[in-house]
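Now for the letters of each chain:
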Amino acid sequence: MLKVEIDNGSGFCFGVTTAIQKAEEELAKGNTLYCLGDIVHNGMECDRLRQMGLITINHEEMRQLHHVKVLLRAHGEPPATYELARRNNIEIIDATCPVVLQLQKRIKKQYLSPLSSLLSPQIVIFGKNGHAEVLGLVGQTEGKAIVIEQFEDVKRLDFSRDIYLYSQTTKSLDEFHRIIEYIQQHISPEATFKSFDTICRNVANRMPNISTFATKHDLVLFVCGRKSSNGKVLFNECLRVNPNTHLIEGPEEIDPAWLKGIQTVGICGATSTPKWLMEQCRDALSP
């Protein structure tokens, strides 16, 4: 008989859970609520909230709105978004994750410090270009921060100038440490280098846990929206320890051929994967 286990450590992180709760509370009052960008990188959860009345908009559409309520998701937003809301009399329901909010404040403080304006140090963010969280972080520096997406990009920095390194909250801890080591080895003796470990431990701790979970099963179904940054990192870790790992967005993508000769299936997901979706995948495996 096929044994199926759902990973207890998978599913929404605190920031995503809070954002969804805020949306549900507002919609339950019968109010019209807009959300700036997908509330979570999971199409099925976005569809569920759309059916409840949540209207997803982009920045251009927000410029046309006045006297409405707009929810800012966990990823956070740059200062320009708050300024737009003020001009258009838009009420902001701010669901920015506290970890992201703290990071925004640290970067802004560094950018605005008197020393920064005198010496023009490089404020560097290890993150994905164009990702909502990264756009919010770069916005704290009026667009002047340098984004490096991967280890190789670190070589583009000017090692004769001061470097202040931060990270998107959901990036790989190991790769971040590789970047730190490279900068330490190449920075000029006259320049200052400071790194700030701003990776969310709620996310970082999932890496070793999900790795252990994936090794326990013959087949792993990683349930995740294909837009999820965090999902790609965790999926690749599952794949590394268990080559019989498949990324699926929902139960309809399960191929019965994968189950041939399989005794145990592990179901896990990203910080943007709802528990109910993993349960649907489990139920789809039942005869």
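Data block above holds the structure.
None of these values were measured; they are calculated from a predicted model.

1. A short note on the overall build of the chain
Now for step 1: Along its length, the chain carries 12 helices and 12 strands.
Now for step 2: Rg of the C-alpha trace for the chain: 21 Å, near the compact-globule value of 19 Å for 287 residues, within the 12% margin.
Now for step 3: For the C-alpha atoms alone, the extent of the chain along its principal axes is close to 70 × 50 × 25 Å.
Now for step 4: Taking all 287 residues of the chain together, the buried fraction comes to 52%.
Now for step 5: Residue pairs in contact within the chain that sit at least 24 positions apart in sequence constitute 71% of those at least 6 positions apart.
Now for step 6: Working note: accessible area of the chain is about 14000 Å², and carbon and sulfur atoms make up 51% of it.

2. Details of the packing of helix α1 (residues 14-28) against helix α2 (residues 43-52)
The packing of two helices is summarised by the inter-axis angle and the distance between the axes.
Now for step 1: The N-to-C vectors of α1 and α2 enclose an angle of 20°; their axes lie 10 Å apart at closest approach. In terms of axis orientation, α1 runs roughly parallel to α2. For the element pair α1 and α2, the recorded crossing hand is left-handed. Within the contact between the two elements, α1 uses I20, E24 and L27 and α2 uses E45, R48, L49 and M52.

3. Remarks on the sheet that holds strand β10 (residues 219-223)
Now for step 1: An order of β1-β12-β10-β11 is seen for the 4 strands of this open sheet, with the pairing classed as parallel. A single partner strand is all that each edge strand has here, and the edge strands are β1 (3-6) and β11 (245-248). With direction set aside, neighbouring strand axes in the sheet form an average angle of 20°.
Now for step 2: Inspection of the sheet shows β1 paired to strand β12 (residues 264-269) by 4 bridges, in the parallel sense.

4. Regarding the sheet that holds strand β9 (residues 193-195)
Now for step 1: Taken in spatial order, the 4 strands line up as β7-β6-β8-β9 in an open sheet, and their pairing is parallel. One side of each edge strand has no neighbouring strand; the edge strands of this open sheet are β7 (146-148) and β9. Each neighbouring strand pair of the sheet contributes to a mean axis angle of 20°, computed without reference to strand direction.
Now for step 2: With 3 bridges connecting them, strand β6 (residues 122-126) and β7 associate as parallel partners.

5. Regarding the pairing of β6
Now for step 1: Among the 5 residues of β6, 5 are classified as buried, and the element is accordingly described as predominantly covered.
Now for step 2: Going residue by residue along β6, you find Q122, V124 and F126 tucked away on one face and I123 and I125 tucked away on the opposite face as well.
Now for step 3: Bridging between β6 and strand β8 (residues 163-167) involves 5 bridges; their strand directions are parallel. Note that in β8 the partner of I123 across the bridge is Y164.
Now for step 4: In this view, the connection linking β6 to its parallel neighbour β7 by way of helix α7 (residues 132-138) has right-handed handedness.

Criteria and thresholds
- Residues numbered from 1 in each chain as written.
- Predicted model: local features only at pLDDT ≥ 70, side-chain atom pairs only at ≥ 80, totals over all residues.
- Heavy atoms only, no water.
- Helix = DSSP H or I, 4+ residues; strand = E, 2+ residues; numbered from the N terminus.
- Rg over C-alpha atoms; globule rule 2.2 N^0.38 Å.
- Buried < 20%, exposed > 50% of the residue type's maximum accessible area, 1.4 Å probe, protein only.
- Contact = heavy atoms within 4.5 Å.
- Areas by Shrake-Rupley, 256 points an atom, 1.4 Å probe, with all protein chains shown as cover.
- Axes fitted to C-alpha atoms, helices over the stretch in contact; angles between N-to-C directions.
- Parallel < 35°, antiparallel > 145°, perpendicular 65-115°, else oblique.
- Left-handed = near helix turned anticlockwise from the far one by under 90°.
- Pairing = 2+ DSSP bridges.
- Right-handed = clockwise from strand over helix to strand, strands pointing away.

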